Amino acid sequence: MQKLSLAKWGYSAPKLKILCVLIFCTSSMYALRAQTAIIHGTISDREFGETLIGATVTHKDQDRGTLSDFDGKYELEIPVGKQTISFSYVGMVSQNLEIEVSGGEMIQHNVILDSALGKEIVFTDTKNPIDQNQSVSSIDPIPAAEMQKNNDPDLSVSLRRNPGVQVIGGQVDIRGASGFAYGAGSRVLIVVDGLPMLRGDAMYPEWDFIPMETISQVEVSKGPASALFGASALGGVVYIRSEYARSKPETRVSLSTGIYNNPRANAVNDSTNKAWWNGQYPAENNLSFVHKRKVGKLD
């Protein structure tokens, strides 16, 4: 009887050990894979019907999760048995999925999230999206629709209508906390999408650099927030959130005009001329426009 030797095929003892280890690891991986399942699908919003980038998918009982990609697709490995999966996105109502899975199963589940209409979502308190009612500090959101309705030329005009907020000399004063103080810098921080918008030399806000056309919401934190935003936020924070392009292109144009009449003192023949202009009444005109669209993975 002829013995079967692996040496005929070039397998020495060290190589044989490595081969055995590889076979053992491969079989172990298949055994572990049989104890888990894969859930995958697409996450989109109901209002616009577009896929959501960066939506969060988490396992409720275990420390594991994933994010949706540029196409709104996700894939998460979960253990077998009864599981609870949570789907969430900024400004959307979260959903929970209770499901029972078996080993090696591939489950497709598409998610459609509804807008959190009627709930004010704020970032200023924790830098994470939370309900305004859950905030531990006083935060007043200013929706973009309100600023567009009043046709505010810059954000400083919008802030003046907020209770407890004044803009004096271009600086924001919140509940008596002045904006700029010599030797201390600014006490009220202006933040656009997490980045400060104060001049580095004088800590002065440049209101003309803040595009009103792309603002989705402004959050005014009335109180110290230095633990999150540093010493520049001892008096409060003005947090500005921008809106981004969606799958459907959008164009918005706003045009307004106004005219100043003579002061009332001139109408009663006051000897003091309070009209600083000569001839025609002064007028002001405002024009703003924005066009948003997605081109592939860019916007």
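Quick note: structure is the one above.
Since this is a predicted model, take the numbers as computed values, not measurements.

> Please set out the overall build of the chain residue by residue, giving values where relevant.
In terms of helices and strands, the chain carries 5 helices and 21 strands. Among the 299 residues that make up the chain, the fraction classed as buried is 34%. Pairs at least 24 apart in sequence give 56% of the contacts found in the chain among residues at least 6 apart. When the accessible surface of the chain is split by element, carbon and sulfur atoms take 54% of a total near 19,000 Å².

> Explain the environment of valine 167 to me, using residue names and the numbers behind them.
Looking at where valine 167 falls in the secondary structure, it is placed in strand β12 (residues 165–168). Not counting the four nearest positions on each side in its chain, valine 167 is found in contact with Ser156, Leu159 and Arg160.

> Please give an account of the sheet that holds strand β17 (residues 195–196) that cites residues and values.
The strand order across the open sheet formed by 5 strands is β11-β18-β19-β16-β17, and the pairing between neighbours is mixed. Of all strands in the sheet, those with a lone pairing partner are β11 (139–143) and β17, marking the two edges. Here 6 bridges tie strand β18 (residues 215–221) to strand β19 (residues 236–242), and the two strands are oriented antiparallel to one another. Bridged to valine 220 within β19 is valine 238.

> Explain the nonpolar core residue by residue, including any values.
Across soluble globular proteins, you tend to see nonpolar side chains buried next to one another. In this structure, Leu155, Leu159, Val172, Val218, Val238 and Ile240 are the most contacted members of the largest nonpolar core, which totals 27 residues. Residues within four places of valine 238 in sequence aside, it is in contact with Leu155, Leu159, Val172, Val188, Leu189, Ile190, Val191, Val218 and Glu219. Counting residues in each nonpolar core, the second largest holds 18 residues, with Ile43, Leu76, Met92 and Ile99 among its members.

Cut-offs applied
- Residues numbered from 1 in each chain as written.
- Predicted model: local features only at pLDDT ≥ 70, side-chain atom pairs only at ≥ 80, totals over all residues.
- Heavy atoms only, no water.
- Helix = DSSP H or I, 4+ residues; strand = E, 2+ residues; numbered from the N terminus.
- Buried < 20%, exposed > 50% of the residue type's maximum accessible area, 1.4 Å probe, protein only.
- Contact = heavy atoms within 4.5 Å.
- Areas by Shrake-Rupley, 256 points an atom, 1.4 Å probe, with all protein chains shown as cover.
- Pairing = 2+ DSSP bridges.
- Core = buried A, V, L, I, M, F, W, Y, C linked by side-chain atoms within 4.5 Å.

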